[in-house]
Amino acid sequence: MRLTDVMSHAGLAGYAEFALILFVLAFLGIVWVVFRPGNKPAMDAAARMPIDDESTGTPEEETRS
Amino acid sequence: MNAQLDSFKYDDAIVRKFLFATVLWGVVGMLVGVIIALQLVMPNLNFTPWLAFGRLRPLHTNAVIFAFAGNAIFTGVYYSSQRLLKTRMFSDALSAAHFWGWQLIIVAAAVTLPLGITQSKEYAELEWPIDIMIAVVWVIFAVNFFMTVARRRERHIYVAIWFYIASIVTVAILHIFNNLSMPAGLFKSYSLYAGVQDAFMQWWYGHNAVAFFLTTPFLGLMYYFMPKAANRPVFSYRLSILHFWTLVFMYIWAGPHHLHYTALPEWASTLGMIFSVMLWMPSWGGGVNGLLTLRGAWNKVAEDPILKFFVVAVTAYMMSTFEGPMLSVKSVNALAHYTDWIIAHVHTGALGWNGFLTAGMLYWLAPRLFQTKLFSQKLAEVHFWFATFGMILYATAIYSAGVQQGLMWRAFDETGRLQYPDFIETTMKLMPMYWMRALGGTMFLVGMILMAYNLVMTWAKRPAKYEEPVVQAPALVKTPGETVPNIFAGLTIPGHRKWEALPLLFTVWTAVAVIVASLFEIIPTFLIQTNIPTIASVKPYTPLELAGRDIYQREGCFNCHSQMVRPFRYETERFGEYSKPGEFVYDHPFLWGSRRTGPDLAREGGKYNNLWHVNHMAQPRKVTPNSIMPAYPQLLTQKLDFATIQKHVDAMAMLGVPYGDMVKEGAAVEAAKAQAAEVAADIAATDPNYTGLEDKEITALVAYLQRLGVDIKKANEVAAARTTAGGQ
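Quick caveat: nothing in here was measured; it's all calculated off a predicted structure.

A word on the overall build of chain A
Stage number 1. Check the secondary structure of chain A and you find 5 helices and 0 strands.
Stage number 2. Listing each helix as α and each strand as β along chain A from the N terminus yields α-α-α-α-α.
Stage number 3. A burial count over chain A gives 32% of its 65 residues as buried.

Overview of unusual backbone geometry
Residues and elements named next belong to chain B.
Stage number 1. The omega angle of the peptide bond from His588 to Pro589 is -5 degrees, so this bond is cis rather than trans.
Stage number 2. Considering the arrangement of structural elements, one finds Pro589 in the loop between helix H19 (569-575) and helix H20 (610-618).
Stage number 3. For Tyr123, which is not glycine, the phi dihedral falls at a positive 65 degrees.
Stage number 4. Its location among the elements puts Tyr123 in the loop between helix H3 (92-112) and helix H4 (128-150).
Stage number 5. Owing to a relative accessible area of 14%, Tyr123 belongs among the buried residues under this scheme.

What about helix H23 (residues 667-686) of chain B?
Residues and elements named next belong to chain B.
Stage number 1. Compared with the 28 Å implied by 1.5 Å per residue over 20 residues, the 29 Å span of H23 between its first and last C-alpha is a close match.
Stage number 2. Three or more residues of H23 are buried, namely Ala668, Val669, Ala672, Gln675, Ala676, Val679, Ala680 and Ile683. The buried side chains of H23 occupy one side of the element, clustering within an arc of 140 degrees when seen end-on. Set apart from the buried face of H23 by more than 90 degrees, the exposed residues are Glu670, Glu678 and Ala685.
Stage number 3. Its buried side turned inward, H23 meets helix H18 (543-554), H20, helix H22 (645-654) and helix H24 (697-707).

What to know about the state of the cysteines
Residue and element names in this part refer to chain B.
Stage number 1. Following the criterion strictly, the structure yields 0 disulfides over all chains and no others.
Stage number 2. Unpaired in this structure, Cys557 has its nearest cysteine sulfur neighbour in Cys560, at a distance of 8.6 Å.
Stage number 3. Owing to a relative accessible area of 14%, Cys560 belongs among the buried residues under this scheme.

Cut-offs applied
Residues numbered from 1 in each chain as written. Chains lettered and ligands numbered in written order. Predicted model: local features only at pLDDT ≥ 70, side-chain atom pairs only at ≥ 80, totals over all residues. Heavy atoms only, no water. Helix = DSSP H or I, 4+ residues; strand = E, 2+ residues; numbered from the N terminus. Buried < 20%, exposed > 50% of the residue type's maximum accessible area, 1.4 Å probe, protein only. Expected span 1.5 Å × (residues − 1). Arc of directions from axis to C-beta. Contact = heavy atoms within 4.5 Å. Disulfide = S-S within 2.5 Å.

Right under this line is the structure:
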């Protein structure tokens, strides 16, 4: 029996829908991670990174270590 | 507590090198674009085989995508990554190897493509030795980049870096798997895949080259350089993360929308369409995020050419990411596919999004890299308006051309016959639009030249010695207990501290998203038998026909002629029976094409006699008045290289094409010579002016063209036996 025989008779009609559900769940997970409360300070700090990057060690960084 | 500060310098010399390469190749790539636009209205401009449309068109696309946009990406990545990660690039030697290696690849492309050395897969034309070079240089870039990430002094990895990581990982996967091929000499190879599967892999690659070469890295640049230019943080960092993940999850599925109504299985086509339509949302989320970054700074847009470039870039991104999903809807695609509408769509993205974003970025970088004021702000303004009007002229002309030709192809008269049965009628209608396109393209090119001049003059005013400011940043402390909020807290890899593991974890997740999505489409295409039923009457090409097919590829005929009749009445009336998946099982590579500048050739075999083809290749306008096809008189005098035929047949046999006894030493050559003698005798019998063609290239090409679509006519006894092309 070849792999193609197995795949052809595996009844994969719902294959694409399954993938879609999988990815919607992953999406919901990311939404939760991104928007969960308590993340705002980290997000605001991250958003400023391109603006702050020419400086030589911001006070915030110094407090980190 | 005062932290221990590390002192280091950024490597801006490498950024300057990439900047100049971007400008140089931008001008070259767009100049070639203008030349091929003019060739379409003045076919006599195809005056040498090396510079004919079929060979120059891939040079144009490769130059603007990989040379211009590629170098632009590296310019921005090398500048922004060092600053966002607070460290110098990992290795100056690797940076230099990356730069010179990439330029060498571009030069290799610029030499081989005009010579007709091509794999004939769109945006993957370069032959296997150059493909290996690309893979090596890409790995050098990846090592340099990931080691820089590993040595960073900033815990959080800014979203731009995420986009860069996704691009690096995905481009590597796409490049390797689409270019798998069987070499048949140093400058010739045959795709590992055949027909439908090759088409599927090609457009999985082709679409994601747009996604992960022309979109995600540029979004990374947008998320860095727009806040810089506007001097305010991105509108919503949360939205940028959502933008990132949704794009990575969805883009990889969308490739099959390039193959609607072809012989691709219907389920794959539908899946591609659904994901393409969904892509609209993250794309617009990201676009809005970019535009709203300018909140409170809109007054600056009127004065600052850099912001003007960025605003148009993001607007063009939103327009083309609205249009893309629309074009992926099957009924819209039925009209647009094979027409100039697709070319217009591509150019809105490439000129508008990639071109304008690059220009804005380079104008922002130039004074900082050359440590002097920009030579002329006014010239940058002039560039902006040239580029804007050039793009609008280009796009509107070619949109009109696409819709017009699409509608003409499908028009029936009151008697139920095709209203425009002669293909050339539909081509002639496009000429005014083609002139307008050439004008628009020229304006865009003039803008690029103005930018090149402006940047070179800025460089000329540089200080005698560049200052290299010493940057200080605290090293990341390698002890647990850091208090920085981490947006991925809780998602650690055992044995690693959070901040150390993050890039690795992140890269793995991105790769998983891309690979899983790919496999969901690839596995059924390759392994489910009913997707590609074989047809008993479809046989491999004869050795001479194979040699003719090689010439067809070398001359780039697939750039203008499709070999795929879609199942519509207006297509079958014009070209013949619609194409079946089983017809292509020996086609390494597939040659379905993506644009019909000339008519489809899937059913060309037997339509005309051999002499017609000889005359048509020698003097196309004598046979078809007003044809815009280049003439190929050299094929009547160039000797066919019989010596390579055996090697080519052997390579195809190794790919599983059942050549039987033809693989015996000399058998293929003998068969080719015998068939060539027959074809040449037929031509000479019809027109005694043509003698001695039995060892000329034209004979092989005619034999190939006369074979196209012939097997299916014998296929009334369609085989019940079904095997997958995967087993071939």
